Amino acid sequence: SLIFLDDEDKIYFLSLFERYLNPDSIQVGYDKTPYKKFNDDIELEAYCLMDNHFHLLIWQGTNTRAMTELMRAVRTSYLQTKNL
């Protein structure tokens, strides 16, 4: 099944990585809760997005849970927004 229906979906998906890998604290909501930052533990080196899957080349530092936590955050944000 398709993950990305159009280029707008792909742009939004990539923006989630920008959100979580940004060195600046990004705050949202009425209480200004900051998004978790992974920029100290993760570097996204390359990516390839197809309609039904994606490939990521990620460098992970010493925090062995960082990649799992990043992907969970991106997946949850994407699915909530897209109602998949």
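Residues numbered from 1 in each chain as written. Predicted model: local features only at pLDDT ≥ 70, side-chain atom pairs only at ≥ 80, totals over all residues. Heavy atoms only, no water.

Undergrad: I keep staring at the overall build of the protein and nothing clicks. Help me out?
TA: Looking only at helices and strands, one finds two helices and four strands in the protein. Ordered by position from the N terminus, the helices and strands of the protein form the series α-β-β-β-β-α. A compact globule built from 84 residues should have a C-alpha radius of gyration of about 12 Å, and the protein, at 13 Å, falls within 12% of that. The principal-axis extents of the C-alpha atoms in the protein amount to approximately 35 × 30 × 15 Å. The proportion of buried residues among the 84 residues of the protein is 26%. Once local pairs closer than 6 in sequence are excluded, the contacts in the protein between residues at least 24 apart make up 48%. (Helix = DSSP H or I, 4+ residues; strand = E, 2+ residues; numbered from the N terminus. Rg over C-alpha atoms; globule rule 2.2 N^0.38 Å. Buried < 20%, exposed > 50% of the residue type's maximum accessible area, 1.4 Å probe, protein only. Contact = heavy atoms within 4.5 Å.)

Undergrad: Explanation requested: the packing of aromatic side chains in the structure shown.
TA: Describing an aromatic ring pair means giving the distance of the ring centres and the angle of the ring planes. One pass over the full model with this rule turns up eight aromatic pairs. Between the aromatic rings of Phe13 and Phe54, the centroid separation amounts to 4.9 Å while the plane-to-plane angle is 50°, which identifies the pairing as tilted. In this pair, Phe13 sits in helix α1 (residues 7-21) while Phe54 sits in strand β4 (residues 54-60), placing the two residues 41 residues apart along the sequence. Assessed through its relative accessible area of 4%, Phe13 is described here as buried. (Phe/Tyr/Trp six-rings, centres within 6.5 Å; stacked < 30°, edge-to-face > 60°.)

Undergrad: Any chance you could explain the side chain of Arg19 here in plain terms?
TA: Inspection of the secondary structure puts Arg19 in helix α1. Buried charge without a partner: Arg19 forms no salt bridge, and the closest opposite charge is Glu18, 8.8 Å away. Side-chain polar atoms of Arg19 contact the side chain of Tyr35, separated by 3.2 Å. Setting aside chain neighbours within four positions, we find Arg19 in contact with Tyr12, Ile26, Tyr35 and Ser77. (Lys, Arg positive; Asp, Glu negative; His and termini not counted. Salt bridge = Lys/Arg side-chain N within 4 Å of Asp/Glu carboxyl O. Polar contact = N/O pair within 3.5 Å; in protein donor to acceptor, adjacent residues only side chain to side chain.)

Undergrad: Is there a simple way to think about the side chain of Asp9 in this case?
TA: Looking at the secondary structure, you find Asp9 in helix α1. Relative accessible area serves as the criterion here: at 6%, Asp9 is assigned to the buried category. Beyond its immediate sequence surroundings of up to four residues, Asp9 is in contact with Ile3, Phe4, Tyr78 and Lys82.

Undergrad: Please clarify how the pairing of β4 should be interpreted in this entry.
TA: Two faces make up the sheet, and in a regular strand the side chains alternate between them. As paired elements, strand β3 (residues 42-49) and β4 share seven bridges and run antiparallel to each other. When the bridges of β4 are listed, Ala46 appears paired with Leu57. Linkage of β3 to β4, two consecutive antiparallel strands, is achieved through a turn of four residues. (Pairing = 2+ DSSP bridges.)

Undergrad: For this particular structure, what's the right way to read the nonpolar core?
TA: One broad trend across soluble globular proteins is that nonpolar side chains are buried collectively. The biggest cluster of nonpolar side chains holds 16 residues, and the ones touching the most others in it are Phe13, Phe38, Ile42, Leu70 and Val74. For this core, the secondary-structure elements that each account for two or more residues are α1, β3 and α2 (66-82). Residues in contact with Ile42, not counting those within four places in the same chain, are Leu21, Ile58, Trp59, Gln60, Ala66, Met67 and Leu70. (Core = buried A, V, L, I, M, F, W, Y, C linked by side-chain atoms within 4.5 Å.)

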